[in-house]
Amino acid sequence: FCSFMPIIKSAIKRARQNTVRQDRRKPVKSLMKTMMKKMEDFIKEGKKDEALKILPETHKAIDMAQKINIINKNNAARKKSKMARMVATK
């Protein structure tokens, strides 16, 4: 018997729902983070052309995460603004 496993029926269902939702959200959040990291790496390496090319894809990944409530709309706007500024300043 594990002390952290739920005993109550509704808690068991809630735990199951949380797992399903986590699995559903993970690839979207992962893609968003990967695209942002790629952008930052391109900027650090001085490859502005490549960074400019993947900027729309990065914005799309951020928008997708925002659309399914992984991140807040203000958080999404801040991330998109940061990416655009990074490309513009370098």
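Use the structure listed above.
Rules used in this analysis
- Residues numbered from 1 in each chain as written.
- Predicted model: local features only at pLDDT ≥ 70, side-chain atom pairs only at ≥ 80, totals over all residues.
- Heavy atoms only, no water.
- Helix = DSSP H or I, 4+ residues; strand = E, 2+ residues; numbered from the N terminus.
- Rg over C-alpha atoms; globule rule 2.2 N^0.38 Å.
- Buried < 20%, exposed > 50% of the residue type's maximum accessible area, 1.4 Å probe, protein only.
- Contact = heavy atoms within 4.5 Å.
- Lys, Arg positive; Asp, Glu negative; His and termini not counted.
- Charge placed at Lys NZ, Arg CZ, Asp CG, Glu CD.
- Salt bridge = Lys/Arg side-chain N within 4 Å of Asp/Glu carboxyl O.

Visitor: What's the story with the overall build of the chain in this structure? I'm lost.
Guide: The number of helices and strands found in the chain is three helices and zero strands. Ordered by position from the N terminus, the helices and strands of the chain form the series α-α-α. For the chain, the C-alpha radius of gyration of 18 Å lies well beyond 12 Å, the compact-globule estimate for 90 residues. Seen along its three principal axes, the alpha-carbon backbone of the chain occupies a region of about 55 × 25 × 15 Å. The buried share among the 90 residues of the chain stands at 22%. When contacts within the chain are restricted to residue pairs at least 6 apart in sequence, long-range pairs at least 24 apart make up 56% of them. When the 25 positive and 8 negative side-chain charges of the chain are each reduced to one mean point, those points stand 13 Å apart.

Visitor: What is the right way to look at the environment of alanine 51 in this model?
Guide: Inspection of the secondary structure assignment puts alanine 51 in helix α2 (residues 48-67). Distance in space between the C-alpha atoms of alanine 51 and lysine 29 is 20 Å, their sequence separation being 22 residues. Excluding residues within four positions of it along the chain, alanine 51 makes contact with Met39, Phe42, Ile43 and Val87.

Visitor: Would you explain the pattern of salt bridges in this entry?
Guide: One side chain can pair with another of opposite charge once the charged atoms of both are near each other. Counted according to the given criterion, the structure contains four salt bridges. When the shortest N-O distance is used, the salt bridge between glutamate 45 and lysine 47 registers 3.2 Å. In this structure lysine 47 comes out as partly exposed when scored by relative accessible area, which is 35%. Residue aspartate 63 pairs with lysine 80 through a salt bridge whose shortest N-O separation is 2.9 Å. You can see aspartate 63 sitting in helix α2 and its partner lysine 80 sitting in helix α3 (residues 73-89), a full 17 residues away along the chain. Looking at aspartate 63, the relative accessible area reads 31%, which means it is partly exposed. On the accessibility criterion, lysine 80 (24% relative accessible area) is partly exposed.

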